[in-house]
Amino acid sequence: MIDIKTFCIKPYRLKLIRQLILISTIFFIGTQSNAQDSHKELIDLKIEKIISELTLEEKASLCSGRDDWSTQSIERLNIPWIWVSDGPHGLRRAPATNKAGYGDQHPATCFPTASALAATWDLDLIKKVGEALGNECQALDVNVLLGPGVNIKRSVLGGRNFEYFSEDPILSGEIGAAFINGVQSQGIGTSLKHFATNNVETKRMWMNSDVDERTLNEIYLTPFEIAVKKAQPWTVMACYNRVQGEYGTQSKYLLSEKLKKEWGFEGILLSDWFAVVDRVEGIKAGMHIEMPGVSKVNDKLIVEAVKNGSLDELKLDELVKEILKVVFKAKSLEKENVELNINEHHKFARKVASESATLLKNNDSVLPITNKKYKKIAVIGEFAISPRYQGNGSSEVKPTIIDKTLDIIKDEYGEDFEISFYQGYKLSDDNDFSMIEEAKEAASKSDMAIVFAGLPLHYESEGIDRTHINMPASHNKLISEVGKSQKNTVVVLTNGSAVAMPWINDVKGVLETWLGGQAGAGGAVDVLFGKVNPSGKLAETFPVRLEDTPAYLNFPGEEGEVLYGERIFVGYRYYDEKKIEPLFPFGYGLSYTMFDYSDIKVSSEEITDSDDLKVSFNIKNIGDVKGKEIAQLYVSDLECRLQRPLRELKKFIKVNLKPGEEKEISFTLNKRDFSFYDAKRHMWIAESGKFVISIGSSSRDIQLTKEITLNSNLKIPLVFDEYTFFREYWENAKTREFLKELLPKWIKGFVPEGKTLDDAQFHDFFIDHPIIKFPYISNGEITADQVNKLVEKCKLLTF
């Protein structure tokens, strides 16, 4: 007979015992559905029993990591550990959980980084990327992939922008949800990060995101909300920085009120590595696991807090139960003998890179390259032989294969074209111009020139922010000189975020390839030579100059404070409001074909806030080649009582069309799509009024519009208090009656002869004061106690 207790202590035997439990459960219960329900009940019972057997010290230990990359185990109670690993565009799996894994990490597929994935706007494709990553996690015995990052690209200078998706909350959230669903479909957990407002790398361990409540909810929390509600990540990673003065790892507002109560998050929270400041306050706020596990100091603080009564042990029990649910779930979904599909995933990574490539300029149809137009091609730039394919920092993947652009061009197109190469610049020296003249001369003798340029690795990295948006001087000068000597010059950019392009008028073509992963070179070649029709579009605005950007005056912050002075006007919202022409707008990207939009329809031109609104329109490919178009739906509020952006993205779709093919597209909008966040009332509000639905190919290329009227049935709390002005009380029909009862004599002093109190003609100076001042202003006609009672009455009112 097997001694189950002894058997389960051995970690490598946990998979077998799990299978035995599952088989026996299915045998006795009968059906698969009932077996799953029963298994969940068994797990819950098992966890309750474990909680009753855990010592206080053991409970505290489970709230810390075991080492760099694993959770704590307790062998005497058969509690296993699980492996977590950095991502998100590939797996940075260390050789062991107690090793850092920088440089000696296990090889894995390096997919395009988040900025590139976002440019695809393709949720199905991104889900498949997640599936591939989940598969590799299974192959390499990792249980949780630390990603995706859905923080907003508040500033173009953000050092980690390559690791985030977009400046827009809807796009970021939808892509994040697709990524999570893909990974978790393979039985692997994710860690949605970095919660929240981790928008600056400078002094990130201390910086306070001074952001108002409305902006926090509308812009910075919305991506997390969407991802949680649509995908339920197993874990969420709390940030390094402070948010509204409180560290993210101990913010009850973020971790409990928003994440758990309001959004219904079912998983657990991990701290970013070394992010925890006050462990006990973190436990109170709902912070489950502190990572990494390097010391027992904070565990002891938890124990002491329970013993001295400053921490309720029931709260600790609650967190431990939730930790165990995730741990047992992860172990139950482990798969054995999963192979790392290196070649298959490399091929797929090339496809993803080609889908992310964004054509920014294509004058005179200089692209695609065909032997009918060109024979002799000058390939210029060190990036063509030394590719930059990912960012710098904790997300650095050790690729299984690395494509090089020049090699691929020669291998795949060398028989059709005469290919020459010139280095043009040195990646090791931004100001070495010695190679430009040779490249310029070679370009002038060719039929076309392709210049590979962008941002070297040290320009973008976790832990530091950029100070400018310029490419190296040698790159800029090279492009300008080559463009002037060769009319058919195309620039292929490699960068994780927006760059300035002072040479834009000197070249005919610009292809943005982002940080395209290990197969990025192949993806770029596929687009250049027309094997793939470019369909990427910008998920972030490219400014003409840094001074035009929304956060220019408030980034990276000073003395530990980052003022979010641009408020809700982030990215394209700011450029629209300020009427600033960007270099390339949000949502922009060209194709080798053309598309026509027509026939916009709505299900009703007048709706209530409880109705859904269906919007439909047609898109037709009117060019000669098949292509993909990304249609974007924006909503504009014409009558809001609060300031709102000119238009905001609400829906999008990527459509594949053959030449001459036409498809009807439909979106469904609900009240949230028309709502703003009211910080005074702490709620989302869809107000009555007129709205415009806009359909476009970018935020600045609106093709179709339709106006609708929304009639809201929402009961909005009045929230008048003692600091509300007399004017506001007077202008509201309900509260005016209260004032007439309380201040008839004072009001009468402003009434023309023969008129009633309702006809009072006040001097602005006297009524633009808080009501709390009126015992003095009215010479005692209303008392302080009556003011307080008035405020209490108003709390019950709505409008």
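All figures in this text were calculated on a predicted structure; none of them were measured in a lab. (Residues numbered from 1 in each chain as written. Predicted model: local features only at pLDDT ≥ 70, side-chain atom pairs only at ≥ 80, totals over all residues. Heavy atoms only, no water.)

Caption draft 1: Representation of the overall build of the chain in the model. Of the regular secondary structure elements, the chain holds 24 helices and 25 strands. Scaling as 2.2 N^0.38, a compact globule of 799 residues should have a C-alpha radius of gyration of about 28 Å, and the chain matches this with 30 Å. Here the C-alpha coordinates of the chain stretch approximately 95 × 85 × 55 Å along the principal axes. For the chain, the proportion of its 799 residues judged to be buried stands at 61%. A sequence separation of at least 24 residues applies to 75% of the contacts in the chain between residues at least 6 apart. (Helix = DSSP H or I, 4+ residues; strand = E, 2+ residues; numbered from the N terminus. Rg over C-alpha atoms; globule rule 2.2 N^0.38 Å. Buried < 20%, exposed > 50% of the residue type's maximum accessible area, 1.4 Å probe, protein only. Contact = heavy atoms within 4.5 Å.)

Caption draft 2: Region of interest: the environment of Gly 536. On the secondary structure map, Gly 536 appears in the loop between helix H17 (520-528) and strand E15 (561-563). The buried category is assigned to Gly 536, whose relative accessible area is 0%. Sequence separation between Gly 536 and Ser 365 is 171 residues; the distance between their C-alpha atoms is 17 Å. Discounting chain neighbours no more than four positions away, the residues touching Gly 536 are Ala 119, Glu 355, Ser 356, Ala 357, Thr 358, Tyr 588 and Gly 589.

Caption draft 3: Seen up close, the packing of aromatic side chains. By the definition in use, this model includes 32 aromatic pairs. Note on Tyr 677 and Trp 684: the rings are 5.6 Å apart at their centroids and 75° apart in plane angle, and the pair reads as edge-to-face. Centre to centre, the rings of Trp 730 and Phe 762 are 5.1 Å apart; their planes meet at 85°, and the pair counts as edge-to-face. Here Trp 730 is found in helix H19 (residues 726-731), whereas its partner Phe 762 is found in the loop between helix H21 (744-748) and helix H22 (764-767), with 32 residues between them in sequence. (Phe/Tyr/Trp six-rings, centres within 6.5 Å; stacked < 30°, edge-to-face > 60°.)

Caption draft 4: Looking closely at the nonpolar core. Counting 187 residues, the largest nonpolar core has Phe 195, Ile 369, Met 501, Trp 503 and Leu 528 as the members making the most contacts within it. For this core, the element with the highest residue contribution is helix H12 (residues 313-332), accounting for 9 residues. Look past the residues within four positions of Ile 369 in its chain and what remains in contact with it is Tyr 374, Ile 377, Phe 417, Met 448, Ile 450, Leu 528 and Phe 529. (Core = buried A, V, L, I, M, F, W, Y, C linked by side-chain atoms within 4.5 Å.)

Caption draft 5: Just helix H9 (residues 252-262), in detail. Listing the buried residues of H9 in full gives Leu 254, Leu 255, Ser 256, Lys 258 and Leu 259. Directly after H9, the chain includes Gly 264, whose backbone phi takes a positive value near 75°.

Caption draft 6: Just H17, in detail. Of all 9 residues in H17, 9 are buried, a share of seventy percent or more. Restricting attention to buried positions, one finds in H17 the residues Gly 520, Ala 521, Gly 522, Gly 523, Ala 524, Val 525, Asp 526, Val 527 and Leu 528. Taken together, the buried residues of H17 touch helix H13 (342-356), helix H14 (405-413), strand E12 (448-454), strand E13 (489-494) and strand E14 (509-512). Among the residues trailing H17, Gly 530 stands out with phi positive, at a value near 80°.

Caption draft 7: Region of the structure containing the packing of helix H20 (residues 733-742) against helix H24 (residues 784-794). In the contact formed by H20 and H24, the axes pass within 11 Å of each other and the chain directions differ by 160°. Here H20 is positioned roughly antiparallel relative to H24, judged by the angle of their axes. In this structure, the crossing between H20 and H24 has a hand that is right-handed. Counted together, Thr 735, Phe 738, Leu 739 and Leu 742 of H20 and Gln 786, Leu 790, Lys 793 and Cys 794 of H24 form the full contact between these two elements. When the residues that make up the contact of H20 with H24 are grouped by side-chain class, the tally is 5 nonpolar, 2 polar and 1 charged. (Axes fitted to C-alpha atoms, helices over the stretch in contact; angles between N-to-C directions. Parallel < 35°, antiparallel > 145°, perpendicular 65-115°, else oblique. Left-handed = near helix turned anticlockwise from the far one by under 90°. Nonpolar A, V, L, I, M, F, W, Y, C, P; charged D, E, K, R; others polar.)

Caption draft 8: Broad picture of the side chain of Thr 113. Along the chain, Thr 113 turns up in the loop between strand E1 (84-86) and helix H5 (114-120). For Thr 113, a relative accessible area of 1% translates into the label buried. Sequence-distant contacts of Thr 113, defined by excluding residues within four places in its chain, comprise His 89, Phe 162, Tyr 389, Gln 390, Gly 391 and Leu 515.

Caption draft 9: The pattern of salt bridges, seen in detail. Here the structure, examined in full by the defined rule, presents 60 salt bridges. Close ionic contact of Lys 59 with Glu 313 constitutes a salt bridge, the shortest N to O distance being 2.8 Å. Within this pair, whereas Lys 59 is found in helix H4 (residues 56-62), its partner Glu 313 is found in helix H12, the two being separated by 254 residues in sequence. Classification of Lys 59 as buried rests on a relative accessible area of 6%. Exposure remark for Glu 313: the relative accessible area of 29% places this residue in the partly exposed category. Asp 526 serves as the salt-bridge partner of Arg 350, at 2.7 Å between the closest nitrogen and oxygen. Linking Arg 350 in helix H13 with Asp 526 in helix H17, this pair joins segments that are 176 residues apart in sequence. Classification of Arg 350 by relative accessible area gives buried; the value is 16%. According to the relative accessible area criterion, Asp 526 is buried, its value standing at 5%. Salt bridges linked by common partners bring Arg 160, Glu 163, Lys 193, Glu 201, Arg 204 and Glu 462 together as one network. (Salt bridge = Lys/Arg side-chain N within 4 Å of Asp/Glu carboxyl O.)

Caption draft 10: Structural context of the pairing of E13. For E13, the tally of buried residues reaches 6 of 6 residues, placing the bulk of the element in the interior. Relative to E13, E12 runs parallel, the two being bridged by 6 bridges. Across the sheet, residue Gly 454 finds its bridge partner in E13, namely Thr 494. After leaving E12, the chain enters helix H16 (residues 473-485) and then returns to the sheet as E13, a path that is right-handed. By the bridge criterion, 4 bridges tie E13 to E14 in an arrangement that is parallel. Bridging across to E14, Val 492 finds its partner in Leu 511. (Pairing = 2+ DSSP bridges. Right-handed = clockwise from strand over helix to strand, strands pointing away.)

Caption draft 11: Examining the side chain of Thr 190 more closely. Position of Thr 190 among the secondary structure elements: in strand E3 (residues 189-195). Setting aside residues no more than four positions away along its own chain, Thr 190 makes contact with Val 144, Leu 145, Gly 147, Ile 180, Val 183, Gln 184, Pro 233, Trp 234 and Thr 235.

Caption draft 12: Highlighting unusual backbone geometry. Backbone torsion omega between Gly 147 and Pro 148 reads 5°, so that peptide bond is classified as cis. Mapped onto the elements, Pro 148 comes out in the loop between strand E2 (144-146) and helix H7 (169-184). The linkage connecting Lys 193 with the following residue, His 194, adopts the cis geometry, with an omega of -10°. Looking at the element boundaries, His 194 is found in strand E3. With phi around 45°, Gln 232 is a residue other than glycine that occupies positive phi space. Summarising the element assignment, Gln 232 is placed in the loop between helix H8 (213-231) and strand E5 (235-238).

Caption draft 13: Inspection of the sheet that holds strand E16 (residues 595-602) at higher detail. Pairing is antiparallel across the open sheet formed by 3 strands, whose spatial order is E16-E18-E21. The open sheet has two free edges, formed respectively by E16 and strand E21 (662-669), since each of these has just one partner strand. Between one strand and the next, the sheet's axes are offset by a mean angle of 20°, whatever the strand orientation. Summarising the sheet, E16 and strand E18 (residues 613-621) pair through 6 bridges and their orientation is antiparallel. Bridging from a neighbouring strand, Asp 596 pairs with Lys 620 of E18.

Caption draft 14: Looking closely at the pairing of strand E8 (residues 268-271). Of the two faces of E8, the one holding Ile 268 and Leu 270 and the one holding Leu 269 and Ser 271 are both buried throughout. Strand direction decides the pairing type here: E5 and E8, joined by 4 bridges, are parallel. What sits directly across from Ala 238, in E8, is Ser 271.

Caption draft 15: Examining the sheet that holds E12 more closely. Read across the open sheet, the 6 strands follow the order E9-E14-E13-E12-E10-E11; overall the sheet is mixed. Edge positions in the sheet fall to strand E9 (358-362) and strand E11 (418-422), since each of these pairs with one other strand and no more. On average, each strand axis in the sheet is inclined to that of its neighbour by 15°, with strand direction left out of account. In this fold H16 packs onto strand E10 (376-380), E12 and E13, with an angle of close to 165° to the strand it touches most, E12.

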